[in-house]
Amino acid sequence: MFRDVIYQNIPKRERTLYHGLTADWLVAITQSIQRSDEYAAVIANHYLNAGSKLYASDWYYKAGLRSKKQVAMRDGRAYMQQAMQLLPEDQLAKRWLVLLEIDEITGILGDIQARSRADQQLLELANQLGDDNKIARARYRQAFFFNSQGDYQSELAAHEQALAAARRANNRQIEAMTAGLKVVCLTLLGDMHAARESAQLAEQYARELGDEVTLAKVLGNVFTYYQVEDISRAVQVIEESIEILDRLDQYNLKAMSMINLGYIYTQSGLFQRGVETFQRSLEIAETIENPRLVAYNQLNMGLAYYRLGDHESAFENLEKARSGLEEIHDTFAGATCKTYLLSLIH
């Protein structure tokens, strides 16, 4: 209280100066001990109170990245939104970087409308910048969103646009990731010949790149084709993906790959192993506050329990999944869940 009284009695002009000096001092001190990320939000607040909006935006962005890394997604989104609000409209490149993070975080948090808006804004920014690399990435993010909503024709169109832009930019990373995600779409559409070609291309490019995160993402997607055509190969690629993601602390992707592995176990008659895998994935999904992955784990766990003959646990998990899927407006998975529930009731 005494501190607040003293602060209020300092003239506003002097307060602004002191905030700026404090921010500069914190940057110097924390960088010297390599701990500036820990104090990013504090530094950002001082720069904001000093009237240095660009500096404040940069440090809120850093605070958002740190929160995201620590899987504090709601804090991460708040910091990123603050960073975006402080950026002038003409700062297109910086706005792109911040919006890319907002897009990913809102997707993880299951905010469908915000994610859809961010996707469109990313595409508009990419076009304004005239950068095929960014256009390819924006189209890839759109395709990912359409996939989550079960809109496979729109997804397929977005994939083709992403691939065209990636090839114009000679960006093999985005081409590999897009070709990998396209495998999921083609498999669900039943075009197995095209799915096989896309899977082979995606895996070839990903391995040539030598980037482990890209490879893990690709393997987690091409698995969809192999689980239909070659179950042993499916197990190999998804286990390799999980091993990479575990080593790199990529929790969101790891949880997703574990769902795929659990599904293989369930389809192969290894129901208890399926349940155990879904439970581990669910723990991660709940920790990182990803409602979509929480619901998908509950959905698949419900199926595994049903196959085990534990109808009480099956019903409990399917009911939780139904509620969660309704909240995130996932109509495709929601319809699947209701089908399972009807089978259980009858």
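Residues numbered from 1 in each chain as written. Predicted model: local features only at pLDDT ≥ 70, side-chain atom pairs only at ≥ 80, totals over all residues. Heavy atoms only, no water.

Asks: Help me understand the side chain of Thr-277, please; the structure alone is not making it clear to me.
Replies: Tracing the backbone shows Thr-277 in helix H15 (residues 271-287). With a relative accessible area of 2%, Thr-277 lands in the buried category. Beyond its immediate chain neighbours, meaning those up to four positions away, Thr-277 contacts Met-258, Leu-261, Gly-262 and Tyr-265. (Helix = DSSP H or I, 4+ residues; strand = E, 2+ residues; numbered from the N terminus. Buried < 20%, exposed > 50% of the residue type's maximum accessible area, 1.4 Å probe, protein only. Contact = heavy atoms within 4.5 Å.)

Asks: How should the side chain of Arg-115 be read in this particular structure?
Replies: Tracing the backbone shows Arg-115 in helix H7 (residues 112-129). The contacts of Arg-115, once residues within four sequence positions are left out, are Asp-103, Thr-106, Gly-107, Arg-141, Phe-144 and Phe-145.

Asks: Sorry, what's going on with helix H9 (residues 152-168) here?
Replies: Note that an α-helix has 3.6 residues per turn; residues three or four places apart therefore point the same way. The end-to-end C-alpha distance of H9, which contains 17 residues, comes to 24 Å, matching closely the 24 Å that a straight helix rising 1.5 Å per residue would cover. Every buried residue of H9 is listed here: Tyr-152, Glu-155, Leu-156, Ala-158, His-159, Ala-162, Leu-163, Ala-165 and Ala-166. On its buried side, H9 packs onto helix H8 (132-148), helix H10 (172-189) and helix H18 (331-345). (Expected span 1.5 Å × (residues − 1).)

Asks: So what exactly am I meant to see when it comes to the environment of Lys-62 here?
Replies: In this fold, Lys-62 is placed in helix H4 (residues 53-69). C-alpha of Lys-62 to C-alpha of Met-80: the two residues are 18 residues apart in sequence and 8.6 Å apart in space.

Asks: How should the nonpolar core be read in this particular structure?
Replies: Counting residues in hydrophobic clusters, the biggest one holds 56 residues, and the most contacted among them are Val-222, Tyr-225, Leu-325 and Cys-337. In this structure Val-222 touches Gly-180, Val-183, Ala-199 and Ala-202, once residues within four positions along its chain are discounted. (Core = buried A, V, L, I, M, F, W, Y, C linked by side-chain atoms within 4.5 Å.)

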